[in-house]
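# Structure assessment
So the chains spell out like this:
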Amino acid sequence: MTAAIEDSPTKVGAVPSFTVTMRVMRYLPSDEGGETVAHWDDFQVKVHGTDRVLDALHMIKWEQDGSLTFRRSCAHGVCGSDAMRINGRNRLACKTLLKDLDITKPITVEPIKGLPVVKDLVVDMEPFFASYREIMPFLVTTGHEPTKERLQSAEQRARFDDTTKCILCASCTSSCPVFWTDGQYFGPAAIVNAHRFIFDSRDEGGAQRLEILNDKEGVWRCRTTFNCTEACPRGIEVTKAIQEVKRAMITRAF
Ligand code: SF4
Ligand code: F3S
Ligand code: FES
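Residues numbered from 1 in each chain as written. Chains lettered and ligands numbered in written order. Predicted model: local features only at pLDDT ≥ 70, side-chain atom pairs only at ≥ 80, totals over all residues. Heavy atoms only, no water.

Going by the annotation in an unreviewed UniProt entry, the name recorded for the protein chain is succinate dehydrogenase, with Cellulomonas composti given as the source organism. Taken directly from UniProt, the Sequence similarities (unreviewed entry) text for the protein chain runs: "Belongs to the succinate dehydrogenase/fumarate reductase iron-sulfur protein family." (UniProt positions renumbered as here; feature names shortened; annotations may be inferred.)

Here the focus is the site of ligand 1. Within the structure, ligand 1 sits among 13 residues, and C166, I167, C169, C172 and C232 are positioned closest to it. Each residue belonging to the shell around ligand 1 can be placed in one class, and the counts come to 11 nonpolar, 1 polar and 1 charged. (Near = heavy atom within 4 Å. Nonpolar A, V, L, I, M, F, W, Y, C, P; charged D, E, K, R; others polar.)

What follows covers the packing of aromatic side chains. According to the stated counting rule, one finds 2 aromatic pairs in the structure shown. When the centroid spacing of 5.1 Å and the interplanar angle of 80 degrees are considered together, the rings of F128 and F129 count as edge-to-face. Look at F128 and you get buried, because its relative accessible area is 5%. A residue is classified by how much of its surface remains accessible, and F129, at 26% relative accessible area, is partly exposed. (Phe/Tyr/Trp six-rings, centres within 6.5 Å; stacked < 30°, edge-to-face > 60°. Buried < 20%, exposed > 50% of the residue type's maximum accessible area, 1.4 Å probe, protein only.)

The subject of this paragraph is helix α6 (residues 206-213). Along α6, the residues that are buried comprise G206, R209, L210 and L213. End-on view of α6: buried residues confined to an arc of 100 degrees, all on one side of the axis. Against the buried residues of α6 lie α5 (188-198) and α8 (238-251). (Helix = DSSP H or I, 4+ residues; strand = E, 2+ residues; numbered from the N terminus. Arc of directions from axis to C-beta. Contact = heavy atoms within 4.5 Å.)

What follows covers unusual backbone geometry. Even without being glycine, A75 reaches a positive phi, approximately 65 degrees. Summarising the element assignment, A75 is placed in the loop between α1 (53-63) and β4 (83-86). Using a relative accessible area of 15% as the deciding quantity, one classes A75 as buried. One non-glycine residue, N87, lies in the positive phi region at around 50 degrees. Looking at the element boundaries, N87 is found in the loop between β4 and β5 (89-92). Judged by its relative accessible area of 31%, N87 is partly exposed.

Below you can see the structure in the form of structure tokens.
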């Protein structure tokens, strides 16, 4: 099948348009209890070089097949709701420009792996958020409420700056081979969010979080594969954060 045919003559200053083939994994739960088989559907979409994968999915949904189902909210890389496997790699559809992909071939779009598919590109995020909730992703303090702001130096703040950037998109966890084979593993996103509080000088729940992650499904399951770091759309050094949590578990220094 031909993809990427230049459709419009390029005028000076005009953005050329192309027709690309979007090859989308479809999955419809069966109403009648019969077996449901996932399959690929191809769509020809006329796009511009500045369009993103999310724009192409919108064009399909709005102009060709209204039943195509996917999640998105902000469309600007902030909410983390449109992580999907694009050409075999986890990415945010709203941050993936078509011109950065090989548009001479069909562009494959699948749901992220390791989480149950609800419909088409939508997965059930509950197991992911269950792990997130377990690591207590909130400030833990004891004693009386302070009467003024809890102060922190710039150096103390810098200690966990990287892991504050997480948008809970699940790109990391769903790219981890350990998570694919053992869905009970906490996964990198939960550990990143534990890191964010463990190394916060104002927090007093670090020891408790380390205890939670010292579980057989906790940080020791990580095999330092680095898929998570490569997948993170926020550029977080996920594997490094996991290593720091492992080290804190051994030294109890955080
Ligand atoms: Fe997404 Fe990165 Fe957070 Fe993982 S660490 S959930 S990839 S933002
Ligand atoms: Fe998985 Fe990342 Fe560790 S991909 S094995 S959590 S380094
Ligand atoms: Fe919000 Fe992509 S739609 S991050």
